[in-house]
There are 2 protein chains.
Amino acid sequence: MAKNDPIDLNKHKITREPLPKSQKIYVPGHLHEDIRVPMREISLTNGEKVTLYDTSGPYTDLSIEIDVRKGLQEVRRNWVVGRGDVEEYQGRAVKPIDNGYEDGDKAFVTHNPELQRKPLRAKVGNNVTQLHYARQGIVTPEMEYVAIRENQKRAALSEEKANSEREERLKGESFGANLPPAITPEFVRDEIAAGRAIIPANINHTELEPMIIGRNFLVKINANIGNSAVTSSIEEEVEKLVWSTRWGGDTVMDLSTGKNIHATRDYILRNSPVPIGTVPIYQALEKVGGVAEDLTWEVFRDTLIEQAEQGVDYFTIHAGVLLRYVPLTADRVTGIVSRGGSIMAKWCIAHHKENFLYTHFEEICKIMKAYDVSFSLGDGLRPGSLADANDAAQFGELETLGELTKIAWEHDVQVMIEGPGHVPMHMIKENMDKQLKECHEAPFYTLGPLTTDIAPGYDHITSGIGAAMIGWYGCAMLCYVTPKEHLGLPNRDDVKTGIITYKLAAHAADIAKGHPGARYRDDQLSQARFEFRWEDQFNLGLDPDTAREFHDETLPKDSAKVA
Amino acid sequence: MAKNDPIDLNKHKITREPLPKSQKIYVPGHLHEDIRVPMREISLTNGEKVTLYDTSGPYTDLSIEIDVRKGLQEVRRNWVVGRGDVEEYQGRAVKPIDNGYEDGDKAFVTHNPELQRKPLRAKVGNNVTQLHYARQGIVTPEMEYVAIRENQKRAALSEEKANSEREERLKGESFGANLPPAITPEFVRDEIAAGRAIIPANINHTELEPMIIGRNFLVKINANIGNSAVTSSIEEEVEKLVWSTRWGGDTVMDLSTGKNIHATRDYILRNSPVPIGTVPIYQALEKVGGVAEDLTWEVFRDTLIEQAEQGVDYFTIHAGVLLRYVPLTADRVTGIVSRGGSIMAKWCIAHHKENFLYTHFEEICKIMKAYDVSFSLGDGLRPGSLADANDAAQFGELETLGELTKIAWEHDVQVMIEGPGHVPMHMIKENMDKQLKECHEAPFYTLGPLTTDIAPGYDHITSGIGAAMIGWYGCAMLCYVTPKEHLGLPNRDDVKTGIITYKLAAHAADIAKGHPGARYRDDQLSQARFEFRWEDQFNLGLDPDTAREFHDETLPKDSAKVA
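What counts and what doesn't
Residues numbered from 1 in each chain as written. Chains lettered and ligands numbered in written order. Predicted model: local features only at pLDDT ≥ 70, side-chain atom pairs only at ≥ 80, totals over all residues. Heavy atoms only, no water. Helix = DSSP H or I, 4+ residues; strand = E, 2+ residues; numbered from the N terminus. Rg over C-alpha atoms; globule rule 2.2 N^0.38 Å. Contact = heavy atoms within 4.5 Å. Pairing = 2+ DSSP bridges. Axes fitted to C-alpha atoms, helices over the stretch in contact; angles between N-to-C directions. Least-squares fit on C-alpha atoms with pLDDT ≥ 70 in both. Parallel < 35°, antiparallel > 145°, perpendicular 65-115°, else oblique. Left-handed = near helix turned anticlockwise from the far one by under 90°. Nonpolar A, V, L, I, M, F, W, Y, C, P; charged D, E, K, R; others polar. Buried < 20%, exposed > 50% of the residue type's maximum accessible area, 1.4 Å probe, protein only. Salt bridge = Lys/Arg side-chain N within 4 Å of Asp/Glu carboxyl O. Phe/Tyr/Trp six-rings, centres within 6.5 Å; stacked < 30°, edge-to-face > 60°. Lys NZ or Arg CZ within 6 Å of the ring centre and 35° of its normal. Core = buried A, V, L, I, M, F, W, Y, C linked by side-chain atoms within 4.5 Å. Expected span 1.5 Å × (residues − 1). Buried area = accessible area lost by both parts, 1.4 Å probe. Polar contact = N/O pair within 3.5 Å; in protein donor to acceptor, adjacent residues only side chain to side chain.

Caption draft 1: Here's a closer look at the overall build of chain A. A count of helices and strands for chain A gives 21 helices and 15 strands. Rg of the C-alpha trace for chain A: 23 Å, near the compact-globule value of 24 Å for 563 residues, within the 12% margin. Taken along the three principal axes of its C-alpha coordinates, chain A extends 65 × 55 × 50 Å. Relative to all contacts within chain A whose residues are 6 or more apart in sequence, the contacts with residues 24 or more apart total 77%.

So, in structure tokens, the structure goes:
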């Protein structure tokens, strides 16, 4: 393949078919008239229509032409530029090492000029974060967008089916979450101003359909994708992104390692309607040949700017792995299992110095606020087994993440906090309560947690249990786990299984919290089930294809129902 | 095929291979010397051995010859007969209608004379239930057997790994369950005497390896099997039984409908090391041509005796579906979804009479105690959707089940109580608390509950979440749900997926309760994981085959670990 000849993505079809009996509708803004919030409308066989939150972006709108070699339409560009506080600039030149090569020829084979944009950054003296705007009292288009999106037109629909005995009987237990009957743009603004919610939205990710992460909103889920030297290719990564958002991924983390990660990220960001998160230390490590001890602040800083210019929406930064916490992991059953955590621990021990992410934290904040990259403060010391749950190392780090949250907030940088991991059911609530307290109600974003260690091959389920529970207790976003966890890299089916598992966990949490209207979809589906409207039952489910495939047409009407 | 020529089961191989690196060991009794409690011992690559609870019966002991046409060894026969309170008798003659035929020729095609035993029953004036013995202060062989079995040799093994900081940090929240460090035969007896636990063990099920169901013991799981007119055959049912116990099914319910259910049950019971439960009203309904209104106490009574003589260990009896509760379901989203519940509701409404299972309850008790069949008091009015959870119909029935529990206990008949169904997370605990109160701490046995209705195809997971939680809160046994729930009949893979999901949920519950030694297996597996002992990690897991299959040998050592 010649240099600069982009990979032929037509060979690898991007999935674009809408879900069955579904069409995209757009709800306009009031404050901001150019807002068009996409939703999915399902047509039922009884003539009713059900409107649902839709993460799948323009891919499921066949009236929109998409060429992944050119990227999606820039729906946010006018909002960002229209605020008058950003400037285009030349940007950092892409280097061969960004793609993992010394040699320019190899490095730029996968480089696609059509995906390059001149980066934007805050003009000198400006701060372009949603948190900054919120604190100024401004309702941005992004804020109004997420307000409309969260409402899902469900409040009105729910009223039709209202039944006061039922609503009273089923009213949720929110553990202090504040769930108003309808989400207004001003409510969104106030939640962001208080640091209780974030809209991860880098000004360079202009293709984004904004979404919000916070305890007082719908529980969100994240799907991880990422190439590896072993298996994957750029075109597979783009399809994985599309596939993840199709089934309900609210954000996607690109955990690529190995070669071509800069070029892969170009493809992912320019084609992503959802926020993209990364762990910049992974790429920084590639740049120093995989030797943790050779990492420097300069290499890391350069990587942050590289990724911020591309448009990454949130960075996992393991700034809480302090030198003094590392010895606390010595007696653990599973030591340090976070990849970022073990990289930083290795660096701290080798140099016997404090973590440079911690010592340079204010400088990191300055970069973040110039692009509105949100922090996802990493839990590098999270437990890798039940035996290590809620121990001194984990909770020590959490306290430090609380300190760092305050520093980030002084810079008006948006923050969420990552959480574990492996935690027995009875110790999950303590994690949530402590996180709320130590981190001043910044949104919590957890991996699972897994509630037992004995089911390799089924860790989407061991963790789905913990995820549903911590979502109920107040966790704002759940990072999915696939059936291949601990064993191998997930394939397409594994990704889907992980996402569906986490969607159902997040939804179970919304219901238990008493999120207004959350039960509307359950009631619609149950009604369809009771009336043997099989097609509606399939189409209202999280995965119509699997439900349809499992349905046995030969089955007598009453024998499939046990539960 | 000629009459009386048993189906050739050799064509349909019964799975007998032990799980990888596992061998059967037997722990002898102290009080009762002829007790040999089977356990599974896994040999690790580091030379250590781990002993686990083993439900798989003699099938995984290759030193034992098994011919399913003849049935398993009768390990309990001497114990039952040795008590001197039972008599052999002629028993009820099998009728064509028992297999769903008018015509004897067809009915007896599948009849296997080699599986017939002369039934046992209590001698006049005797009561042969484990509850009766316990109240007399007797420790039966069954009681000592389950005491040894529950201990799993784990207490001693755990001590080796003890770490007081860790034990204190991870100590469970039992919500009032009483979990002594070691289970003694006397503790078992006292729990049974108090009605807090049952050993389902019909005196005619002499092939049984006894097990216990109660809040103060390990959480158990049930798998449903059952033929249907549509799909299945006797040999498939026996293999389903073996398959279910291989993966950890503690009890199995035979929900067969259609033809040959008596003959199928012969095969299942004579080849089952685990307790078998049934819903006798299903067979009774077959006998009256499927017309609920035509059911009579006489037909039902005859069916109870038929099944008690065969050796069924527990009967689901929907005696709590009272006439006055039926109208309470009128405003529900999903009405009455329990098959047994809707049969009885239909009967009550058609005759405008009280449920004959309720009015004849004392007579049922008299049959139960002559064979030691345990009650599983059915929740015929359980919710079939979140919208109907915890409503007046459901809780009204639960109160009636509490009344019936007391009546059964007056006859020294063992009782457990069935529970829902579909319940949002925040309403699960109320179910458990109310059941303990209304039913006087009789063991609770729930289906799931499903925590959302929107995931057809994934209801093993929506319900696994609820099952883990209610297990933690005190539920004694969890009835599995497979991925085909609501959609079709489960195949072999679905059964396995359902069982593994429920095993991990039950185990997560044991850990959260603080069951002594429950975390031992997790710690062993985590240690193996941390040391990259892949084979040990697979073999210590619930499903070594899937873990091994998922493991990607090409994977770099550190990249498969996210959680």
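Caption draft 2: How the structure looks around the sheet that holds strand 1 (residues 22-28) of chain A. All names here are of chain A. Overall, antiparallel pairing links the three strands, which are arranged 1-2-3 in an open sheet. Unpaired on one side and paired on the other, strand 1 and strand 3 (49-53) mark the two borders of the sheet. Pairwise comparison of adjacent strand axes, ignoring direction, gives a mean angle of 40° for this sheet. Where strand 1 and strand 2 (residues 36-43) come together, seven bridges link them in antiparallel fashion. Across the sheet, residue Pro 28 finds its bridge partner in strand 2, namely Arg 36.

Caption draft 3: Fine view of the relation of the copies chain A and chain B. It takes a turn of 180° to lay chain A on chain B, together with a shift of 0.0 Å along the axis; the resulting RMSD is 0.0 Å. Interpreted geometrically, this transformation is the action of a two-fold axis. No C-alpha of chain A lies nearer the rotation axis than that of Ile 465 of chain A, which sits 2.4 Å from it.

Caption draft 4: Seen up close, the packing of helix 8 (residues 234-247) of chain A against helix 18 (residues 492-513) of chain A. Residues and elements named next belong to chain A. In contact at an axis separation of 9 Å, helix 8 and helix 18 are set at 30° when each is read in the N-to-C sense. Considering their axes alone, helix 8 and helix 18 lie roughly parallel with respect to each other. When the axes of helix 8 and helix 18 are compared, the crossing they make is right-handed. Contact with helix 8, carried on its side by Glu 239, Trp 243, Ser 244 and Trp 247, involves Arg 492, Val 495, Lys 496, Ile 499, Ile 500 and Lys 503 of helix 18 and no other residues of that element. Residue composition of the contact of helix 8 with helix 18, by class: five nonpolar, one polar and four charged.

Caption draft 5: Examining the sheet that holds strand 2 (residues 36-43) of chain B more closely. All names here are of chain B. Spatially, three strands are ordered 1-2-3 in an open sheet, and the strand pairing comes out antiparallel. The sheet is open, and its two edges are formed by strand 1 (22-28) and strand 3 (49-53), each paired on a single side. Adjacent strand axes in the sheet meet at a mean angle of 40° when their direction is disregarded. Taken strand by strand, helix 4 (residues 141-151) contacts strand 1, strand 2 and strand 3, and its axis lies near 15° from that of strand 2.

Caption draft 6: Up close: helix 4 (residues 141-151) of chain A. All names here are of chain A. Of all eleven residues that make up helix 4, ten are buried, and the element is covered over most of its length. Within helix 4, burial applies to Pro 141, Glu 142, Met 143, Glu 144, Tyr 145, Val 146, Ala 147, Ile 148, Arg 149 and Glu 150. In the segment just after helix 4, Gln 152 is the residue with positive phi, at about 50°.

Caption draft 7: Representation of the pattern of salt bridges within the structure. All names here are of chain A. Within this structure, the stated rule accounts for 80 salt bridges over all chains. Lys 484 is the salt-bridge partner of Asp 494, the closest N and O atoms lying 2.7 Å from each other. Placement of Asp 494 in helix 18 and of Lys 484 in the loop between strand 15 (477-479) and helix 18 is noted, with a sequence separation of ten residues between them. For Asp 523, the salt bridge is made with Arg 519, and the minimal N-O distance between the two is 2.8 Å. Across the pair, Arg 519 and Asp 523 agree in class, each one buried.

Caption draft 8: A look at the packing of aromatic side chains. In total, this model carries 26 aromatic pairs over all chains according to the counting rule given. Considering the side-chain rings of Trp 297 of chain B and Phe 300 of chain B, the 6.4 Å spacing of their centres and the 35° angle between planes classify their relative orientation as tilted. Of the two residues, Trp 297 of chain B and Phe 300 of chain B both sit in helix 11 (residues 297-310), three residues apart, roughly one turn of that helix. Owing to a relative accessible area of 7%, Trp 297 of chain B belongs among the buried residues under this scheme. Considering the side-chain rings of Phe 300 of chain B and Phe 356 of chain B, the 6.0 Å spacing of their centres and the 65° angle between planes classify their relative orientation as edge-to-face. Here the residue Phe 300 of chain B occupies a position in helix 11, and Phe 356 of chain B occupies one in helix 13 (residues 356-359), the gap between them amounting to 56 residues. We classify Phe 356 of chain B as buried; its relative accessible area is 4%. An aromatic cluster is defined as three or more aromatic residues linked by ring pairs; in this entry it consists of Trp 297, Phe 300, Trp 347 and Phe 356 of chain A. One cation-aromatic arrangement involves Arg 36 of chain A over Tyr 26 of chain A; the distance from NZ or CZ to the ring centre is 4.1 Å.

Caption draft 9: View of the nonpolar core. Membership of the largest hydrophobic core comes to 279 residues, with the highest contact counts inside it found for Phe 375 of chain A together with Phe 375 of chain B. Leave out the neighbours within four places in its chain, and Phe 375 of chain A touches Phe 315, Ile 317, Phe 361, Ile 364, Cys 365, Met 368, Ala 408, Val 413, Gln 414, Val 415 and Met 416 of chain A.

Caption draft 10: Focus on helix 11 (residues 297-310) of chain A. All names here are of chain A. Compared with an ideal rise of 1.5 Å per residue, which puts 14 residues at 20 Å, helix 11 spans 20 Å between its outermost C-alpha atoms and is within 8% of the ideal. Most of helix 11 sits inside the fold, with ten of its 14 residues counted as buried. Looking at helix 11, one finds that the buried residues are Trp 297, Phe 300, Thr 303, Leu 304, Ile 305, Glu 306, Gln 307, Ala 308, Glu 309 and Gln 310. On its buried face, helix 11 is in contact with helix 9 (261-270), strand 10 (276-278), helix 10 (280-287), strand 11 (314-317), helix 13 (356-359) and helix 14 (361-371). The positive-phi residue at the C-terminal boundary of helix 11 is Gly 311, with phi of around 115°.

Caption draft 11: Representation of the interface of chain A and chain B within the structure. Taken together, the contacts link 96 residues of chain A with 96 residues of chain B. Buried area between chain A and chain B, summed over both chains or domains, comes out near 7,800 Å², and the portion from carbon and sulfur atoms is 67%. The interface formed by chain A and chain B includes zero salt bridges. One can count 22 residue pairs in polar contact (both at pLDDT 80 or more) joining chain A with chain B. Going through the elements one at a time, helix 6 (164-170), helix 17 (459-473), helix 18, helix 19 (520-530), helix 20 (534-540) and helix 21 (544-550) of chain A are the ones with two or more residues in the side of chain A that touches chain B. Of the residues belonging to the side of chain A that touches chain B, the class tally is 45 nonpolar, 27 polar and 24 charged.

Caption draft 12: Structural detail: the environment of Lys 437 of chain B. Residues and elements named next belong to chain B. Its location among the elements puts Lys 437 in helix 16 (residues 428-438). By relative accessible area, which is 61% here, Lys 437 ends up exposed. Separated by 38 residues in the primary sequence, Lys 437 and Glu 399 place their C-alpha atoms 9.3 Å from one another.

Caption draft 13: Structural view of the packing of helix 4 of chain A against helix 7 (residues 185-193) of chain A. Residues and elements named next belong to chain A. It is at 8 Å that the axes of helix 4 and helix 7 come closest, and there the two elements cross at 115°. Judged by the inter-axis angle, helix 4 sits roughly perpendicular to helix 7. The crossing of helix 4 and helix 7 is right-handed. Facing Met 143, Glu 144, Val 146 and Ala 147 of helix 4, the residues of helix 7 in contact are Pro 185, Val 188, Arg 189 and Ile 192. Residue classes in the contact of helix 4 with helix 7 are distributed as six nonpolar, no polar and two charged.

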